[in-house]
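Notes for the structure review
Here are the chains, one letter per residue:
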Amino acid sequence: MPTKPNTQNKKLRRWVFVSFHTKSLSFLHQSAAHPVSASDSQPTKSPAMATIAAAAVGDNSSSSAKRVAVVGAGVSGLAAAYKLKSHGLNVTLFEADKRAGGKIKTVRQDGLIWDEGANTMTESDIEVTSMLDDLGLREKQQFPIAENKRYIAKHGLPLLIPSNPIALITSNILSAHSKFQIMLEPFVWRKGDSRMVSDDHASESVGDFFQRHFGKEFVDNLIDPFLAGTCAGDPQSVYMPHAFPELWNLEKRFGSIIVGAIRSKFSSKREKSAGTKHSSRTKKRRGSFSFQGGMQTLVETMCKKFTGDELKLQSKVWSLSYCGDKNSPLDNWLLSYSTSNSMQDKPFDAVVMTAPLSNVKEMKIMKRGHPFLLDFLPEVTYLPLSVIVTAFRKANVKRPLEGFGVLVPSNEQRNGLNSLGTLFSSIMFPDRASGDLYLYTTFVGGSRNKELAKASKDELTQIVSSDLQQLLGTEGEPTFVNHFFWSKAFPLYGLNYDSVLRAIEKMEQGLPGFFYAGNHKDGLSVGKAVASGCKAAELVITYLECSSKNNVGKED
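A brief look at the structure comes next. The residue numbers shown here count from 1 along each chain, following its written sequence. pLDDT decides what is reported in this predicted model: residues at 70 or higher carry local features, side-chain atom pairs at 80 or more are listed and counted, and totals for whole chains, interfaces and linings draw on all residues regardless. Remark: hydrogens and water are excluded; side-chain values derive from all non-hydrogen atoms of the structure.

A pair of packed helices is captured by two measures, namely the crossing angle of their axes and the spacing between those axes. Running from N to C, helix 3 (residues 75-86) and helix 12 (residues 296-303) cross one another at 35 degrees; their axes reach a closest spacing of 10 Å. The chirality of how helix 3 crosses helix 12 is left-handed. Here Val75, Leu78 and Ala79 of helix 3 come into contact with helix 12, specifically with Leu298, Val299, Met302 and Cys303. Class assignment for the residues of the contact of helix 3 with helix 12 results in 7 nonpolar, no polar and no charged. Fitted lines through C-alpha atoms serve as axes, helices being fitted only where they are in contact, and the angles separating the N-to-C directions of these axes extend from 0 to 180 degrees. Secondary structure elements are taken from DSSP: a helix is a run of H or I of four residues or more, a strand is a run of E of two residues or more, and numbering for both begins at the N terminus. Helix crossings are classified by the rotation of the near helix relative to the far one: an anticlockwise turn of less than a right angle makes the crossing left-handed, while a clockwise turn makes it right-handed. Any two residues having at least one pair of non-hydrogen atoms within 4.5 Å are treated as being in contact. Charged residues are taken to be Asp, Glu, Lys and Arg, nonpolar residues to be Ala, Val, Leu, Ile, Met, Phe, Trp, Tyr, Cys and Pro, and polar residues to be all remaining types, Gly included.

Right, here's the structure in full:
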């Protein structure tokens with residue numbers, strides 16, 4: 001039975017602004033984005049599970065199959081390889097670059113510590129919890145100081161995002177009309193058949209979805225900067241089911257997002273309360289976090305689990321060949337890769353692919369002697385991003401803010417602000433700079449301004465200095481500037497991204513023992529990437545175990 005209106009009124013304001021306004025402002029890989037099919041209303045068997053099922057009834061792998069190749073040593077590949085090795089399998093991890101970690105990259109220089117990729121992560125997936133515990137990283141976790149203080153630029157100045165109903169009432173972040181529209185949402189959207197609500201808008205952008213529920217002002221002032229800060233996208237280019245799958249499903253179930261969020265919260269609390277009685281696990285702390293020494297600490301800790309023969313850097317995979325047949329139970333895959341001075345081939349029984357799809361399309365893949373054409377893989381749109389790290393002497397920052405960071409809506413360009421947002425790096429984590437300096441990490445580009453992301457270091461330094469002067473009152477030139485450009489910072493979960501997911505499914509279905517993982521499939525954040533790698537590893541383990549049992553049956 002629906003919650004009574006008077007109960008809703010007491011809770012809805014808090015839920016809207018807790019759910020949407022206090023989300024993480026981590027500007028890289030902290031998005032809720034997680035691709036799902038718009039038609040996925042009930043659980044279905046995945047292509048990978050179909051492959052496993054096929055192995056159980058008649059694949060050609062051997063009971064001694066223990067060798068797995070993992071292509072790509074980003075966080076998804078590292079997580080997959082770690083889980084596979086922990087299970088006793090022989091793992092070889094191939095990385096074309098000279099370093100592991102992918103989009104996680106920390107620089108430690110002259111007393112400064114900064115991240116040029118992901119700055120923080122969350123522990124929203126059980127796989128992340130297990131990984132942190134297994135790696136012994138709990139004591140190295142760092143949680144931001146004043147994490148709940150987050151800002152949005154409005155009229156050229158930073159405005160604190162309200163975190164409770166009282167603060168909302170007194171805040172100028174939204175007009176009275178917009179606040180009233182939010183309060184009406186539970187009553188407007190609980191009417192009708194909620195199961196049909198999302199179906200009527202199956203190809204809907206994030207902007208259109210939130211505008212239907214909360215109005216255009218809510219989209220312009222909150223959703224727009226949130227997307228820019230988490231995936232470098234914009235409300236009209238990002239597909240709702242991929243960016244916010246939980247909210248998309250709440251609308252399907254309840255109609256009202258606020259009512260659905262309240263009910264889901266209470267349901268989750270009951271489940272956690274019941275589970276706590278039987279759980280001895282360390283209670284995890286909510287919110288974003290990093291590690292002592294930066295996010296690279298996660299990568300370095302994982303890399304230490306592999307020998308030089310297991311983790312092959314500067315080793316580019318050129319081709320994969322599946323040669324399995326009923327008379328050859330071992331070594332179903334042959335992988336060809338190059339090092340600095342030679343080309344080599346190595347046999348495997350399964351493959352986990354975590355390289356970007358743009359790189360996979362360049363590989364030559366064979367299946368039983370015939371080309372396995374990848375012409376069905378669609379072009380993926382990637383968003384460029386420049387990361388500019390600046391340091392200012394504290395005496396030259398006249399209006400320093402305590403908190404996580406400030407996001408800039410696109411409509412603030414008319415007020416002279418051209419960045420996507422800035423993290424207060426040394427305020428969040430004081431060890432990132434010496435006591436007399438403030439360290440800031442600013443982001444420019446994304447779908448809002450792709451060309452500006454490609455600008456020179458000097459031009460970007462001027463843009464960032466101008467924005468920080470307006471927002472924080474910085475004076476003079478920064479004492480330190482670093483610029484890093486990501487030409488493919490994020491894949492865009494656009495309105496046609498279903499075709500990408502279907503292509504990944506087709507690739508997995510057509511190649512026995514081949515599994516794909518990474519941010520092209522399971523979400524953009526670091527946590528989602530870790531979870532994706534772990535899930536792929538679990539599928540490999542099950543696939544090989546099923547194959548082994550099947551071969552034992554044949555021998556009997």
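The next point concerns a nonpolar patch on the surface. Two joining distances apply to patches: 9 Å for like charges and 5 Å for nonpolar side chains (Val, Leu, Ile, Met, Phe, Trp, Tyr), and every residue must have over 30% relative accessible area and no salt bridge. The protein chains shown are the only cover counted for residues, whose accessible areas, like all others here, come from Shrake-Rupley with a 1.4 Å probe. In what follows, salt bridge is the name for a side-chain nitrogen of Lys or Arg lying within 4 Å of a carboxyl oxygen of Asp or Glu. Where nonpolar side chains cluster on the molecular surface, the patch consists of Phe180, Leu184 and Val188 and spans about 270 Å² of accessible area. Mapped onto the fold, Val188 is located in helix 6 (residues 176-188).

We now examine the pairing of strand 2 (residues 90-94). With respect to burial, strand 2 is a largely interior element, 4 of its 5 residues being buried. Here a strand pair is declared whenever DSSP counts at least two bridges between the two strands. One ladder, built from 5 bridges, connects strand 1 (residues 67-71) with strand 2; its direction is parallel. Bridge pairing in strand 2 places Ala69 opposite Thr92. When a residue's accessible area, from a 1.4 Å probe over protein chains only, is under 20% of the maximum for its type it is buried; when over 50% it is exposed; and in between it is partly exposed.

This part takes up the pattern of salt bridges. In total, this model carries 20 salt bridges according to the counting rule given. In this structure, the salt-bridge partner of Arg138 is Glu123, at a minimum N-O distance of 2.7 Å. Taken together, the residues span a long stretch of sequence, with Arg138 in the loop between helix 4 (126-135) and strand 5 (141-142) and Glu123 in the loop between strand 4 (112-115) and helix 4 at a distance of 15 residues. Arg138 gets classed as partly exposed once you look at its relative accessible area, which sits at 22%. A salt bridge links Asp431 to Arg432, with the nearest nitrogen and oxygen atoms 3.4 Å apart. A relative accessible area of 3% means that Arg432 is categorised as buried.

Here we take up the sheet that holds strand 16 (residues 382-393). Strands pair in a sheet through their backbones, by hydrogen bonds, and they do so in one of two ways: parallel or antiparallel. Read from one edge to the other, the open sheet built from 7 strands follows the order 7-6-17-18-19-16-20, with strand pairing classed as mixed. Lying at the two open borders of the sheet, with one neighbouring strand each, are strand 7 (157-160) and strand 20 (480-491). Strand-to-strand twist across the sheet, computed as the mean angle between neighbouring axes with direction ignored, equals 25 degrees. Inspection of the sheet shows strand 16 paired to strand 19 (residues 437-445) by 9 bridges, in the antiparallel sense. Counterpart to Phe392 in the pairing with strand 19 is Tyr438.

Our next topic: the packing of helix 6 against helix 7 (residues 206-214). Interhelical geometry of helix 6 versus helix 7 gives an angle of 90 degrees and a closest axis separation of 8 Å. When the axis of helix 6 is compared with that of helix 7, the two are roughly perpendicular. Facing Ser178, Gln181, Ile182 and Glu185 of helix 6, the residues of helix 7 in contact are Gln211, His213 and Phe214. Considering only residue class, the contact of helix 6 with helix 7 consists of 2 nonpolar, 4 polar and 1 charged. Our angle categories are set so that under 35 degrees counts as roughly parallel, over 145 as roughly antiparallel, 65 to 115 as roughly perpendicular, and the remainder as oblique.

We now examine the pairing of strand 14 (residues 364-367). Pairing of strand 10 (residues 316-322) with strand 14, which is carried by 4 bridges, proceeds in the parallel orientation. Bridge pairing links Ser319 to Lys364 in strand 14. Relative to strand 15 (residues 370-371), strand 14 runs antiparallel, the two being bridged by 2 bridges. From the neighbouring strand, Lys367 faces strand 15, where its bridge partner is His370. Between strand 14 and strand 15, which pair antiparallel one after the other, the connecting turn spans 2 residues, and Arg368 there sits at a positive phi close to 50 degrees.

Time to look at helix 16 (residues 457-472). A helix is expected to span 1.5 Å multiplied by its residue count minus one. Taking 1.5 Å as the rise per residue, helix 16 with 16 residues should run 22 Å; its terminal C-alpha atoms sit 21 Å apart, in good agreement. Of the positions making up helix 16, those classed as buried are Leu460, Thr461, Ile463, Val464, Ser465, Asp467, Leu468, Leu471 and Leu472. Directly beyond the C-terminal end of helix 16, a positive phi value near 75 degrees is found at Gly473.

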